[in-house]
Amino acid sequence: MASSTSIRFKISVLLVIPLTSLVAIWGFAAVVTVGDSVSMLSIGTLYATVGKPAGELGSEVQREHILSAEFLATRSDADRRTMAEQRAVTDRARSRFRRETAGEAARSEMSDEMRTHHAELLRQAETLDAIRARIDDGRIGPVGLSEEFSRLPDALSRLFNTLSLTNDLPLYRQSRGVTMMNQAADLLSRERALAAGVLALKGPMTETEARLFDRLAANRIFLMEQAMPELDSSLRGPFSEMIASSTYARFTALENRLLSGDRVSSADWRSAGDALDTTYRRSLAVAAPELVDRAAPVATAAFVRAGVVGLIGLVAVIASLLVSYRIGSGITRELAAVRGAAAELAEARLPRVMSRLRRGEKVDVAAEAPPLEPVGSTSEIHDVAAAFDSVQRSAVNAAVEQARLREGVSHAFRNLARRSQSLLQRQLKLLDGMQQRAEDPEALENLFRLDHLTTRMRRHAEGLVILSGGAAGRRWRSPVPMEDVLRGSAAQVESYTRVRIHPMGGTTLAGNAVADMMHLFAEILENATVFSPPDSQVSVRGEPVPGGFAVEIEDRGLGLTDAERAAVNERLASPPEFDPAETDRLGFTVVGMLAARYDVKVTLGPSPYGGTGVVVVLPAVLLGAPDPEPVEPQRPEPPVLTVLPTRTGRAEPAGSARRAGLAERPAWATAPTRTSEPGEPGAPNGEPGGPGEQAVPIPADLWKPVRRTGGGLPRRARRADTPPRPDVPSGAPSEAEAGARSPEEARALMSALQSGWRRGRAEDGNGGTTR
């Protein structure tokens, strides 16, 4: 079966997907906002631990660049000492930069990109020693020196750019402006160093040197022009003052003279450059801390915005969850109501209607299929509920119509079965008359066989009545001995001669249950004889048990598998409603229905003989008063009778009376026979004795001499103390009232006569008969 999921789960999934997306977006926005705020709050720490030491290192490297250029030009000891002193200052700045940036405070605040540029700056700082060696050996010129010393300031500019990254646009513009002014200061330093080396030689610039000087001056001017508009008034003020100062004007005048090829004094160039560099560095020193101070309130404002946005987003997410939950729960409740109504219809209402219909009660469709109350406000679910109302009305109507049809079919079956019973009863009466008039032994034997077949046909007709919900038409008012009931059941099966019924004492069965229980046992015995070898016996034993009476029937057939036996036991314990389309094992269906009707327990089990054993437990309410034990005869050797299974199972004599020493009693004399309908206790089945007969002693004190009639045939006379015949339906006329032998008595007489004939043929061997 394909796996299924609940509507609640599907609705939850439907709502979780957009809610998850909303939460993800909210989380992303919160993280980005908070991350930017944290970055801005960390600018102060980064400036103190990274930016300031790096700026100092850059300034010292620029001074060393200028002094190194002068030394390359003069190679004087004074310039060497000055250069060496500056190298020591640069080394101290480099060590401080390494120490400050290696601390935990700086490393924890750096981003991945910042760490990359920091590592690059450290590598460039380590190349200073190699550059210095080339300067000392004179293996580098002014242009090469400018290029070598430009690498560290360029790496420093890239590091400063990562420090100024922020999502706050005004702060970013100010930071970018300050960074460009810092780059312009580096170009100014490189421009001073190149010109200082050339002027120290007191010669003109070469073409290469002139082009480099021109490019450096143009880039510096360009950066300053781009940076100044980006800065606000407070940050732009110091730089504006510097540009408007006489120091800047003096330097630009000397710069223009150099660009035009005029001679410029080295001392003038150095003094003008030092003055401008001092002013420039002072302006940068004021701008950088102010820029850092501006980041703190911006970060606080970003935190506040992040908190507000996060709170609003959280409220929106919670509200979405609540609304989604309410909507989903509402839809789930509405569908659950429809599902509950459907389950109630399938599990309670329809079974209740069917039960009432089986009992023959009238069913009001409107009352049994009321419309569903409107649930919720979803129009589609209202449509489903309306459709379900139509379905349940149709289902109840169909159940009512089906019950009517089934009842009509059952009535038809019962009518046909009753008609068959009536015809079979008339046939049995005709057979009784024919048996009384028959004189030919073979004809009489065939009549008895026909009588037995008719009895079996009547049992099948009764089975049809039972399957259609009716009851057998025969009734007894008085209890009947259990042994007689079982003999009557055996007489209704084809292979009755194979059934061996053991004595069961005086237990009796209530008259109102005799017909149905006889039918129940007959079905079981029929099954036992059909599914066992034709030369084997079917044993029947019975004894009282706590709470009732148990009858055990065992055959010697092939038996059943455990699965088949379990299926049959389940069918017997809870018999399903009879379906005319299922025609297999109708006998078990009849047994199950009769057992359920009288609360009888029927259980199949393995037989020690290899076949199947059936245990039938009758409840105590079905048992009648115990039959008094018969008085044993005082004769030393009572006559022995052979069981001739009749429709009641009463014994018929098959032994010789002369061998028993009872010459005054005819050999065909019989025990008192109950008078009843054919197939009931006391009525012979007309089947001759044969293999499997059971010899039981009949007490002699139940007999008395008989008198002969005018026709020469004896007529039995009932003793005064003979117990009444319980299997005779109430109101049946007595022999005295009838004034003549009844058909049943005549049939019993014929059975005894036939037994005598058979015995005579067996004794004489020449086909003669015994009187």
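Given the structure is predicted, the values throughout are model-derived calculations rather than measurements.

What counts and how
Residues numbered from 1 in each chain as written. Predicted model: local features only at pLDDT ≥ 70, side-chain atom pairs only at ≥ 80, totals over all residues. Heavy atoms only, no water. Helix = DSSP H or I, 4+ residues; strand = E, 2+ residues; numbered from the N terminus. Buried < 20%, exposed > 50% of the residue type's maximum accessible area, 1.4 Å probe, protein only. Contact = heavy atoms within 4.5 Å. Areas by Shrake-Rupley, 256 points an atom, 1.4 Å probe, with all protein chains shown as cover. Axes fitted to C-alpha atoms, helices over the stretch in contact; angles between N-to-C directions. Parallel < 35°, antiparallel > 145°, perpendicular 65-115°, else oblique. Left-handed = near helix turned anticlockwise from the far one by under 90°. Nonpolar A, V, L, I, M, F, W, Y, C, P; charged D, E, K, R; others polar. Pairing = 2+ DSSP bridges. Phe/Tyr/Trp six-rings, centres within 6.5 Å; stacked < 30°, edge-to-face > 60°. Lys NZ or Arg CZ within 6 Å of the ring centre and 35° of its normal. Patch = residues over 30% accessible without salt bridge, like charges linked within 9 Å, V, L, I, M, F, W, Y side chains within 5 Å. Salt bridge = Lys/Arg side-chain N within 4 Å of Asp/Glu carboxyl O. Core = buried A, V, L, I, M, F, W, Y, C linked by side-chain atoms within 4.5 Å. Expected span 1.5 Å × (residues − 1). Arc of directions from axis to C-beta. pLDDT = per-residue confidence, 0-100.

With respect to the overall build of the protein
And step 1. Scanning the protein for helices and strands turns up 21 helices and 11 strands.
And step 2. Within the protein, buried positions represent 46% of all 771 residues.
And step 3. Restricting to contacts in the protein with at least 6 residues of sequence separation, those with at least 24 account for 76%.
And step 4. Of the roughly 38200 Å² of accessible surface on the protein, 57% is carried by carbon and sulfur atoms.

Brief notes about the packing of helix 8 (residues 169-200) against helix 11 (residues 246-260)
And step 1. Here helix 8 crosses helix 11 at 55 degrees, and the two axes come no closer than 12 Å. One finds that helix 8 runs oblique with respect to helix 11. Here the hand of the crossing between helix 8 and helix 11 comes out left-handed. Where helix 8 abuts helix 11, its residues L188, E191, R192, A195 and L199 lie against F251, E255 and L258.
And step 2. In terms of residue class, the contact of helix 8 with helix 11 is made up of 5 nonpolar, no polar and 3 charged.

Observations concerning unusual backbone geometry
Leave glycine aside and you will find that most residues have negative phi; peptide bonds, for their part, are mostly trans.
And step 1. Even without glycine at this site, R75 takes up a positive phi of about 55 degrees.
And step 2. Mapped onto the fold, R75 is located in the loop between helix 2 (43-74) and helix 3 (77-101).
And step 3. Overall, R75 belongs to the partly exposed group, its relative accessible area being 34%.
And step 4. A positive phi angle, close to 60 degrees, is found at D599, a residue other than glycine.
And step 5. By secondary structure assignment, the location of D599 is in the loop between helix 19 (586-598) and strand 6 (601-606).

Digging into the sheet that holds strand 5 (residues 548-554)
Strand pairing within a sheet occurs via backbone hydrogen bonds; the two strands may be parallel or antiparallel.
And step 1. Spatially, the 5 strands line up as an open sheet ordered 2-4-5-7-6, and their pairing is mixed. Sheet topology places strand 2 (499-501) and strand 6 at the edges, where each strand pairs with a single neighbour. Direction aside, the axes of adjacent strands within the sheet are offset by 20 degrees on average.
And step 2. As defined by bridge partners, strand 2 adjoins strand 4 (residues 538-545) across 3 bridges and the pair is classed as parallel.

Things to note about the packing of aromatic side chains
And step 1. Applying the stated criterion across every chain, the model contains 3 aromatic pairs.
And step 2. Ring geometry for F239 versus Y280: centroids 6.3 Å apart, planes at 75 degrees, classification edge-to-face. Of the two residues, F239 sits in helix 10 (residues 233-244) while Y280 sits in helix 12 (residues 266-358), which places them 41 residues apart along the sequence.
And step 3. By way of ring pairs, the aromatic residues F213, F251 and W269 are connected into one cluster.
And step 4. One Lys or Arg, R556, reaches over the ring of Y609 and ends 4.1 Å from the middle of that ring.

Remarks on the side chain of Q86
And step 1. Relative to the helices and strands, Q86 is located in helix 3.
And step 2. The contact partners of Q86, leaving out residues within four places of it in the chain, are E60, R63, E64 and L67.

Describing a nonpolar patch on the surface
And step 1. A cluster of nonpolar side chains, namely F9, V13 and I17, defines an oily patch on the protein surface of about 280 Å² accessible area.
And step 2. Its location among the elements puts V13 in helix 1 (residues 7-41).

Notes on the nonpolar core
And step 1. Ranked by internal contacts, the top residues of the largest apolar core, which has 45 residues, are M517, L520, F521, V540, V600, V602 and V616.
And step 2. Leaving out residues up to four positions away in the same chain, L520 has contacts with V591, L594, A595 and V616.
And step 3. Judged by nonpolar contacts, the second largest core, of 36 residues, contains L187, L216, Y248 and W269.

Some words on helix 9 (residues 207-230)
And step 1. In a regular helix each residue adds 1.5 Å, so 24 residues correspond to 34 Å; helix 9 covers 35 Å between its end C-alpha atoms and thus fits that length.
And step 2. All of the buried residues along helix 9 are E209, L212, F213, L216, A217, R220, L223, M224, A227, M228 and E230.

Things to note about helix 11
And step 1. End to end, helix 11 covers 21 Å across 15 residues, agreeing with the expected 21 Å (1.5 Å per residue, within 8%).
And step 2. All of the buried residues in helix 11 are Y248, F251, T252, L254, E255 and L258. One side of helix 11 holds all its buried residues, which, seen down the axis, span an arc of 160 degrees.
And step 3. Just past helix 11, the residue G261 takes up positive phi, approximately 95 degrees.

Considerations on the pattern of salt bridges
And step 1. Enumeration over the complete set of coordinates arrives at 28 salt bridges.
And step 2. Between D274 and R192 there is a salt bridge; the shortest N-O distance is 2.3 Å. With D274 in helix 12 and R192 in helix 8, the pair connects residues that are 82 residues apart, well separated along the chain.
And step 3. Owing to a relative accessible area of 6%, R192 belongs among the buried residues under this scheme.
And step 4. Residue R597 pairs with D516 through a salt bridge whose shortest N-O separation is 3.7 Å. Taken together, the residues R597 in helix 19 and D516 in helix 17 (residues 514-530) connect sequence positions 81 residues apart.
And step 5. What makes R597 partly exposed here is its relative accessible area of 36%.

Overview of the confidence of the model for the protein
And step 1. Residues of the protein with pLDDT of at least 70 account for 73%, and the chain-wide mean is 75.
And step 2. Under a pLDDT of 50 for its full length, residues 631-740 has, in the predicted model, 254 contacts with residues more than four places off or in other chains.
And step 3. A low-confidence stretch, residues 763-771 stays under pLDDT 50, and its non-local contacts, those more than four residues away or across chains, total 17 contacts.

A word on the packing of helix 15 (residues 441-467) against helix 17
And step 1. Two numbers describe how helix 15 lies on helix 17: the axes approach to 11 Å, and their chain directions differ by 110 degrees. Between helix 15 and helix 17, the crossing angle belongs to the class labelled roughly perpendicular. Note that helix 15 runs across helix 17; the crossing there is left-handed. Each of R456, R459, E462, G463 and I466 in helix 15 lies in contact with helix 17, whose residues at this interface are D516, H519, A522, E523 and E526.

Quick look at the environment of L258
And step 1. Residue position: L258 is located in helix 11.
And step 2. When the C-alpha positions of L258 and M205 are compared, they lie 8.6 Å apart, and in sequence the two are 53 residues distant.
And step 3. Those residues in contact with L258, other than ones at most four positions away along the chain, are A195, L199, M205, F213, V264 and W269.

A short note on the pairing of strand 6
Each regular strand shows side chains that alternate between the opposite faces of the sheet.
And step 1. Examined bridge by bridge, strand 6 and strand 7 (residues 612-619) share 6 bridges and lie antiparallel to one another. Looking at strand 7, one finds that T603 is bridged to V615.
And step 2. Hairpin remark: strand 6 followed by strand 7, antiparallel, with 5 residues in the connecting loop; positive phi at G610, about 100 degrees.

Concerning the pairing of strand 4
And step 1. Strand direction decides the pairing type here: strand 4 and strand 5, joined by 7 bridges, are antiparallel. The residue of strand 5 that forms the bridge with R541 is E552.
And step 2. Where strand 4 folds back onto strand 5 in an antiparallel hairpin, the turn is made up of 2 residues, including G547, whose phi is positive at roughly 90 degrees.

Some words on the environment of S157
And step 1. Within the secondary structure, S157 sits in helix 7 (residues 142-163).
And step 2. In this structure S157 comes out as buried when scored by relative accessible area, which is 10%.
And step 3. Along the primary structure S157 and D186 are separated by 29 residues, whereas in three dimensions their C-alpha atoms are 9.5 Å apart.

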